[in-house]
Amino acid sequence: MFGRGKKIEQSLTRTRRSFFGRISKLLGQDELDNEVWQELEELLIQADVGVATTIDLVQTVRDQAQSQGLEKAALVEEAVRQELLGMLGPGSTRPTYTQNGLWVILVVGVNGSGKTTSIAKLARYHQQQGRNVLLAAADTFRAAAVEQLKIWGQRLGADVVAHQPGADPAAVVYDAIQAGQARGADTLIVDTAGRLHTKYNLMQELAKIYRVIKKQIPEAPQETLLVLDATMGQNALSQARTFKEAVDVNGIFLAKLDGTAKGGIVFAIAAELGIPIRYVGTGEGLDDAAEFDVQEFVAGLFEESSHPTA
Amino acid sequence: MFEALTDKLQGTFEKLARKGRLTEDDVDEGLREVRIALLEADVNYKVVKDFVSRVRERALGAEVMRSLTPAQQVVNIVNEELIALLGKPSKMDLSGQPPHAVMLVGLQGSGKTTTAAKLALHLRKQGQRPLLVAADVRRPAAVEQLEILGKQMDLAVHGEGTSVPPPEICANALRRAKEAAYSVVIMDTQGRLHVDDQLMAELEQIKTRVSPAEILLVADAMTGQDAVTVAQEFHGRVGLTGLILTKMDGDARGGAALSMRSVTGVPIKFLGVGEKTGDLEDFHPDRLASRILGMGDVLTLIERAEEVFDHEHALKMEEKLRTATFTLEDFLDQLQQVKKMGPMSQVLDMIPGLSSLAAQIPQEITDQQLVKIEAMINSMTRAERQSPRIIGGSRKRRITRGSGTTVQELNQLLSQFRQIQKMMKQMSKGRIPDVLSMFR
C-alpha cells in the first residue's frame with residue numbers, strides 16, 4: 001500500500017525525536033520564561049522553519065500566552081500546534097478525477113531533488129487506485145535520465161514515452177499526450193529535467209511544456225507537483241515561488257524525509273504561497289511514500305514517538 | 001551566489017558606516033542583523049551563535065571603541081572572522097605514488113555523478129590521467145549516466161554493471177589504473193543517508209580496499225540546518241578530507257558551506273557552479289567572504305575571462321570595469337567574449353555592486369536576448385554607440401528596422417545600459433572602492 005499514515009509517522013520519527021520531541025518536553029515542564037521562548041525559537045530555526053516565520057510564530061504565541069494568561073508551558077503547546085496547523089492550511093485532498101480525459105501530472109524541481117524516484121512512487125500510487133499510468137521522459141538533458149525512468153517503467157509495468165537525448169522536451173510531452181489518448185491511458189506523469197529556478201531560459205522551457213499540455217487538454221495539467229528535498233533550507237521558498245510563477249505549481253512532494261532533516265520550510269511555503277503539501281517521500285523503494293496529512297503531521301511533531309528508529 | 005546575504009550585510013554596514021561612533025547597543029543592533037542574515041543564509045544556528053559572539057567580543061574591544069572609524073572596524077572583524085570560518089584554500093592532495101584514489105560521497109541528489117565528471121575534467125587539465133569509477137549500483141541508470149558523461153568528454157570510465165558489490169568494483173578499478181597507468185581514480189559512490197548504517201558501512205569497506213588519498217563530501221549548497229549533521233556523520237564514519245559545494249549557481253545563500261566547514265574542520269576544495277562539465281571552480285575563501293560582504297567577485301571574473309580571452313583583452317576588460325569608461329561599443333565588443341564566459345546572470349553576479357542587479361537581470365537580459373542586443377548595436381552608427389543619448393525617434397526607427405526588433409526592445413536596452421553605466425559611475429566615484437579600501 002501507499003502506506004497512508006503509517007509510513008509518514010515512521011519517517012517522522014527522527015524529526016520528532018530530535019526536534020519537536022524536545023519542544024514537547026520543553027513546553028511540558030517548564031515555567032514560561034524568556035529562556036523557554038528562546039529555546040522554542042532556536043528549535044524552530046534548526047528545523048529550517050526560517051527566521052522570519054519563527055519570529056512571527058513565537059511572537060504570536062507569546063502574545064496569546066500573555067493575553068490569555070497562560071503561565072504553564074504545557075498550555076502553550078496547543079497554541080503552537082494551532083499556529084503550525086493554520087500555516088499548513090487544510091492540506092492534501094485526493095485527486096477526484098472529475099474529467100473523463102487524461103489526468104496529467106507535471107513534476108518539476110531543481111536538480112537532485114528526487115523527481116524521478118518520486119514519479120515512480122506516484123505512478124505506483126495511481127496504479128494501486130486502478131489507474132492506467134503512462135510516463136513521459138521529458139528530461140532529455142541529463143545523461144541517462146531517460147534510461148532511469150525506463151527502468152522504473154519496467155519495474156512498474158508502465159509504458160514510457162521517450163525521445164532521443166537532447167530532444168525538445170515539449171515535443172516529448174506532446175507525443176506522450178497523443179499516445180496516452182490513443183492508448184486509452186488515464187494518467188500521464190511527466191518527468192522534467194532538474195533545473196535551478198534561477199535559470200531563466202530553463203524556466204521558460206518549462207513554461208513551454210506547460211503551455212503545450214494546456215493547448216491539448218485545457219484543464220491539464222490537473223496536478224503540477226514541485227518536488228522539494230526535505231534537507232533544503234530557506235532556498236526552497238525561493239524555488240517554490242519561482243516554479244509557481246512559471247508553471248502554477250499546485251502541490252508539493254516533500255522528498256527524502258527519512259533522514260535527519262526536518263523539512264520545516266514547508267510551513268513558510270504553505271503559508272506564504274498557499275501551495276499545499278501533497279505527498280512525502282520516505283525512502284528509495286516504490287512504496288516509501290505517503291499522502292501528506294496535516295493533522296497527523298503536526299500532531300506527530302508533538303508526540304514523543306515510540307517507534308524504533310527506522 | 002551569496003548575493004542575497006551580501007545585500008543583507010551591505011544594508012547593515014551602510015547603516016553602521018553612517019555613524020561616527022558606535023555604542024554597545026549599535027554593535028548589538030548590527031550584529032543582530034548579521035545574525036539574521038546568516039540564519040536566513042542557512043548557516044547553522046550554533047555556528048551563527050559562535051560566530052556572532054566572537055565578533056561581538058572583538059567589536060567591543062578597546063581597539064574598536066577608541067577607533068575613529070568604529071563601523072569600519074566592525075566590518076573588518078566580520079570579514080576577518082568570516083574568512084577564518086571559511087578556512088584556508090586547499091588543493092587536492094595528490095602527492096606520493098599514483099594512482100590516487102578519490103572517493104566522492106554524499107546524500108542522494110547532491111550532485112556526485114556530475115561532480116565526478118567535472119573533477120575528472122579539471123584534473124585532466126592539470127595533466128593527470130583520470131579514471132572514473134561507476135560505483136553507484138543502486139540508483140537506476142547511474143552507471144549509464146557516468147558512462148555517457150565519460151563518452152561525451154572522452155574520459156575513461158570503469159563500470160561493472162550493477163551486480164558487483166561497490167567495494168569490489170572500486171578495488172578492481174584501482175588495479176586497472178595501476179596496469180593502465182591512470183594517475184587518479186575518481187569513485188562515484190551511490191547517494192546514501194548518513195543514518196543508513198548498512199550503506200555507511202559499505203563506504204568504510206571501500207575506504208579499506210582502496211586507501212583513498214581524498215574522501216570528498218559532495219554537498220548541495222541549498223542544504224539547510226541539517227548540513228552539520230550530515231557532514232558530521234560522514235566525517236565520523238569515513239574521515240573526510242574535503243568538501244565540494246554544488247549548485248552554487250542558484251540563488252542559495254550557501255550558508256551550508258560555512259556550517260559544514262566549521263563543524264568538520266575539513267577544507268572546502270571546489271565549488272560546482274553549473275551543469276556544464278567545465279563548471280568547477282577552485283574555492284577561494286577571501287573571494288567568497290568578499291562576495292558575502294558585497295564586494296563582488298572580480299577576481300574570479302577576471303580569471304574566467306582569461307580562460308576565454310587573450311591576456312591583453314582581459315586586462316582591457318578589467319580596466320573598463322574598474323574605470324567605468326564603458327560605451328555601447330565596448331558592450332558589443334565584449335558581448336561576444338562574455339558570452340563564452342557563461343550565462344550573463346553568472347557573470348554580472350561577480351561584478352561589484354551588480355550582484356543585486358544580477359538578480360533582476362536574468363528576466364531582462366537572457367542569453368537569447370543577447371542575440372537581439374547584438375543585432376541592435378550592430379545597426380547603430382559609431383556615433384550612436386559612443387553616445388546613446390543622441391538616439392531619437394527617427395534613429396530608433398532605423399535601428400529597429402535594421403535589426404528586426406521593436407522600439408520597445410531598443411528602449412529597454414538603452415535604459416538598461418544607462419543603469420549599468422550609472423552603477424559603474426557610482427563604483428568609480430568611490431562607493432565600492434571605499435568598501436574595498438576598508439579591508440586593505
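Residues numbered from 1 in each chain as written. Chains lettered and ligands numbered in written order. Predicted model: local features only at pLDDT ≥ 70, side-chain atom pairs only at ≥ 80, totals over all residues. Heavy atoms only, no water.

### As for the overall build of chain B
Okay, so step 1: Counting secondary structure elements, chain B contains 22 helices and eight strands.
Okay, so step 2: Within chain B, buried positions represent 59% of all 440 residues.
Okay, so step 3: Looking at chain B alone, contacts between residues at least 24 apart form 74% of all its contacts between residues at least 6 apart.
Okay, so step 4: Surface summary for chain B: the accessible area is close to 18300 Å², and the carbon and sulfur share equals 48%. (Helix = DSSP H or I, 4+ residues; strand = E, 2+ residues; numbered from the N terminus. Buried < 20%, exposed > 50% of the residue type's maximum accessible area, 1.4 Å probe, protein only. Contact = heavy atoms within 4.5 Å. Areas by Shrake-Rupley, 256 points an atom, 1.4 Å probe, with all protein chains shown as cover.)

### Here's the deal with the packing of helix α3 (residues 34-46) of chain A against helix α4 (residues 51-67) of chain A
Residue and element names in this part refer to chain A.
Okay, so step 1: Interhelical geometry of α3 versus α4 gives an angle of 150° and a closest axis separation of 9 Å. Pair α3 / α4 crosses with right-handed handedness. Between α3 and α4, the residues in contact are Asn34, Trp37, Leu40, Glu41, Leu44 and Ile45 and Val51, Thr54, Leu57, Val58, Val61, Arg62 and Ala65, respectively. (Axes fitted to C-alpha atoms, helices over the stretch in contact; angles between N-to-C directions. Left-handed = near helix turned anticlockwise from the far one by under 90°.)

### Quick word on the interface of chain B and chain A
Okay, so step 1: With 43 residues of chain B at the contact, the number on the chain A side is 42 residues.
Okay, so step 2: Summed over the shared surface of chain B and chain A, the number is four salt bridges.
Okay, so step 3: The partner of A:Glu41 in a salt bridge is B:Arg35, with the nearest N and O atoms 3.3 Å apart.
Okay, so step 4: In this assembly, chain B and chain A are joined by eleven residue pairs in polar contact (both at pLDDT 80 or more).
Okay, so step 5: Going through the elements one at a time, α2 (24-40), α3 (45-59), α7 (142-153), α17 (355-364) and α18 (367-378) of chain B are the ones with two or more residues in the side of chain B that touches chain A.
Okay, so step 6: Here the residues of the side of chain B that touches chain A sort into 13 nonpolar, 15 polar and 15 charged. (Salt bridge = Lys/Arg side-chain N within 4 Å of Asp/Glu carboxyl O. Polar contact = N/O pair within 3.5 Å; in protein donor to acceptor, adjacent residues only side chain to side chain. Nonpolar A, V, L, I, M, F, W, Y, C, P; charged D, E, K, R; others polar.)

### What about the sheet that holds strand β3 (residues 156-158) of chain B?
Residues and elements named next belong to chain B.
Okay, so step 1: Across the sheet, which stays open at both edges, the eight strands sit in the order β3-β2-β4-β1-β5-β6-β7-β8 with mixed pairing between neighbours. Looking at strand neighbours, the two that pair on one side only are β3 and β8 (280-282), the edges of this open sheet. Sheet twist, expressed as the average angle between the axes of neighbouring strands with direction ignored, equals 25°.
Okay, so step 2: By the bridge criterion, six bridges tie strand β2 (residues 130-135) to strand β4 (residues 184-189) in an arrangement that is parallel. Bridging from a neighbouring strand, Ala135 pairs with Thr189 of β4. (Pairing = 2+ DSSP bridges.)

### A closer look at the pattern of salt bridges
Residues and elements named next belong to chain A.
Okay, so step 1: For the structure shown, the criterion picks out 28 salt bridges over all chains.
Okay, so step 2: Of the charged contacts in the structure, one is a salt bridge between Arg195 and Glu205, with a shortest N-O distance of 2.9 Å. Residue Arg195 is found in the loop between β4 (187-192) and α9 (200-216), and its partner Glu205 is found in helix α9; the two are separated by ten residues along the sequence.
Okay, so step 3: Judged by relative accessible area, which is 1%, Arg195 ranks as buried.

### Here we look at unusual backbone geometry
If a residue is not glycine, its phi is most likely negative; likewise, a peptide bond is most likely trans.
Okay, so step 1: In this chain, A:Ala220 is followed by A:Pro221 through a cis amide linkage whose omega measures -10°.
Okay, so step 2: Checked against the element boundaries, A:Pro221 lands in the loop between α9 and β5 (223-229).
Okay, so step 3: Residue B:Pro99 is reached from B:Pro98 by a cis peptide bond, and omega for that bond is 0°.
Okay, so step 4: With respect to the element layout, B:Pro99 can be found in the loop between α5 (70-86) and β1 (100-105).

### Structural notes on the sheet that holds β4(A)
Hydrogen bonds along the backbone pair up the strands of a sheet, which may run parallel or antiparallel.
Residue and element names in this part refer to chain A.
Okay, so step 1: With mixed pairing, the eight strands of this open sheet are ordered in space as β3-β2-β4-β1-β5-β6-β7-β8. Across the chains shown, the open sheet's two edge strands, defined by having one partner strand only, are β3 (159-161) and β8 (289-291). On average, each strand axis in the sheet is tilted by 25° relative to the strand beside it, whichever way the strands run.
Okay, so step 2: Here strand β1 (residues 103-108) pairs with β5 via four bridges, running parallel. From the neighbouring strand, Leu106 faces β5, where its bridge partner is Thr224.
Okay, so step 3: Helix α7 (residues 145-156) rests against β2 (133-138), β3 and β4 of the sheet, and its axis sits at about 170° to β2.

### A closer look at the side chain of A:Glu291
All names here are of chain A.
Okay, so step 1: Locating Glu291 in the fold gives a position in strand β8.
Okay, so step 2: For Glu291, a relative accessible area of 7% translates into the label buried.
Okay, so step 3: Within the local environment of Glu291, its side chain forms a polar contact with the side chain of Tyr125, the two groups lying 2.5 Å apart.

### Observations regarding the nonpolar core
Okay, so step 1: Grouped together as the largest cluster of nonpolar side chains are 72 residues, with contacts concentrated most on A:Leu88, A:Leu188 and A:Ile269.
Okay, so step 2: With sequence-adjacent residues up to four places away left out, A:Ile269 is seen in contact with A:Leu228, A:Ala236, A:Leu237, A:Ala240, A:Ile252, A:Gly274 and A:Ile275.
Okay, so step 3: Of all hydrophobic cores here, the second largest spans 67 residues; its members include B:Val52, B:Leu82, B:Ala135 and B:Leu258. (Core = buried A, V, L, I, M, F, W, Y, C linked by side-chain atoms within 4.5 Å.)

### Things to note about α7(A)
Residues and elements named next belong to chain A.
Okay, so step 1: In a regular helix each residue adds 1.5 Å, so twelve residues correspond to 16 Å; α7 covers 17 Å between its end C-alpha atoms and thus fits that length.
Okay, so step 2: If you check which residues of α7 are buried, you get Ala145, Val146, Gln148, Leu149, Trp152, Gly153 and Leu156. Looking straight down α7, one finds its buried side chains confined to an arc of 160°; they lie on one side.
Okay, so step 3: Looking at the buried side of α7, the elements it contacts are α6 (115-128), β2, β3 and β4.
Okay, so step 4: Following α7 by one or two positions, Gly157 has its phi on the positive side, about 70°. (Expected span 1.5 Å × (residues − 1). Arc of directions from axis to C-beta.)

### Topic: the packing of helix α8 (residues 166-180) of chain B against helix α9 (residues 197-210) of chain B
Residues and elements named next belong to chain B.
Okay, so step 1: Across the interface, α8 lies against α9 with an axial gap of 9 Å and an inter-helix angle of 20°. Our classification of the angle between α8 and α9 gives roughly parallel. Here α8 and α9 pass one another in a crossing that is right-handed. Along the contact surface, α8 presents Pro166, Pro167, Glu168, Cys170, Ala171 and Leu174, while α9 presents Glu202, Gln205, Ile206, Arg209 and Val210.
Okay, so step 2: For the contact of α8 with α9, the class distribution of residues is seven nonpolar, one polar and three charged. (Parallel < 35°, antiparallel > 145°, perpendicular 65-115°, else oblique.)

### Remarks on the environment of B:Phe270
Residues and elements named next belong to chain B.
Okay, so step 1: Following the sequence through the fold, Phe270 ends up in strand β7 (residues 268-272).
Okay, so step 2: Owing to a relative accessible area of 3%, Phe270 belongs among the buried residues under this scheme.
Okay, so step 3: A C-alpha to C-alpha distance of 9.0 Å links Phe270 and Ser90, two positions 180 residues apart in sequence.

### As for the pairing of strand β5 (residues 214-220) of chain B
Residue and element names in this part refer to chain B.
Okay, so step 1: Among the seven residues in β5, seven count as buried, and that is most of the element.
Okay, so step 2: On β5, burial covers both faces: Glu214, Leu216, Val218 and Asp220 on one face and Ile215, Leu217 and Ala219 on the other are all buried.
Okay, so step 3: Note that β5 and strand β6 (residues 242-246) share five bridges and pair parallel. By the bridge assignment for β6, Val218 is matched with Ile244.
Okay, so step 4: Between the parallel pair β5 and β6, the chain is carried across by helix α10 (residues 227-238), and the sense of this crossover is right-handed. (Right-handed = clockwise from strand over helix to strand, strands pointing away.)

The values reported here are purely geometric and, on their own, carry no functional implication.
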